[in-house]
Amino acid sequence: MTVRVIRLGSARIENEGTRIGTVRRPPRGVPKAEFASQNWYDVWFPNLAPTVETMKLAQQATSPREWLLFCKKYRAEMTTPDNGHTLDLLVALSHQTNFSVGCYCADESRCHRSVLRELLVERGALLE
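Residues numbered from 1 in each chain as written. Predicted model: local features only at pLDDT ≥ 70, side-chain atom pairs only at ≥ 80, totals over all residues. Heavy atoms only, no water.

Let's talk about the environment of Met78
By the element assignment, Met78 lies in the loop between helix H2 (64-77) and helix H3 (81-94). Beyond its immediate chain neighbours, meaning those up to four positions away, Met78 contacts Asn47, Leu48, Ala49, Asn83, Gly84, Leu87 and Leu119. (Helix = DSSP H or I, 4+ residues; strand = E, 2+ residues; numbered from the N terminus. Contact = heavy atoms within 4.5 Å.)

Here we look at the packing of aromatic side chains
Here the structure, examined in full by the defined rule, presents four aromatic pairs. Ring centres of Trp40 and Tyr104 lie 5.7 Å apart, and the angle between their planes is 75°; this geometry places the pair in the edge-to-face category. Note that Trp40 is positioned in the loop between strand E2 (18-21) and strand E3 (43-44) and Tyr104 in the loop between strand E4 (99-103) and helix H4 (112-122), a separation of 64 residues in sequence. Assessed through its relative accessible area of 24%, Tyr104 is described here as partly exposed. Taking 6.0 Å as the distance between ring centres and 5° as the angle between the ring planes, the aromatic pair formed by Phe70 and Tyr74 counts as stacked. With Phe70 and Tyr74 both in helix H2 and four residues apart, this pair spans about one turn of that helix. Classification of Phe70 by relative accessible area gives buried; the value is 1%. Three or more aromatic residues joined by ring pairs make a cluster, and in this case those are Trp67, Phe70 and Tyr74. (Phe/Tyr/Trp six-rings, centres within 6.5 Å; stacked < 30°, edge-to-face > 60°. Buried < 20%, exposed > 50% of the residue type's maximum accessible area, 1.4 Å probe, protein only.)

Without other data, these values stay purely geometric and don't point to any function.
Here's what the structure looks like:
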């Protein structure tokens with residue numbers, strides 16, 4: 001059993017499990033009833049998305065220093081008790097079932113999901 005960190009909208013793989021969208025906003029122009037059938041996500045969970053302010057830092061980052069600032073701010077957001085409990089829940093679930101978390105960004109290395117991957121690993125998640 002594992003958690004996968006994926007790009008939302010990508011083709012699903014066999015036994016992927018529930019796809020969780022850790023994004024601030026739903027996909028534009030897609031009817032809510034089609035989010036899952038179009039491979040966006042089964043469950044929208046914006047709790048693990050960066051705040052709008054922090055997301056703007058990532059989008060505007062042009063240097064390694066600016067990207068590290070985004071990473072630091074996003075990690076700080078994930079230290080709240082609610083987010084910590086959520087991360088712990090995902091870690092526990094990764095030992096029991098398959099599921100995926102993801103975002104829309106094309107380049108994971110410049111996306112909050114790269115940091116989310118690190119946070120899950122640091123807490124003991126089983127990742128594929």
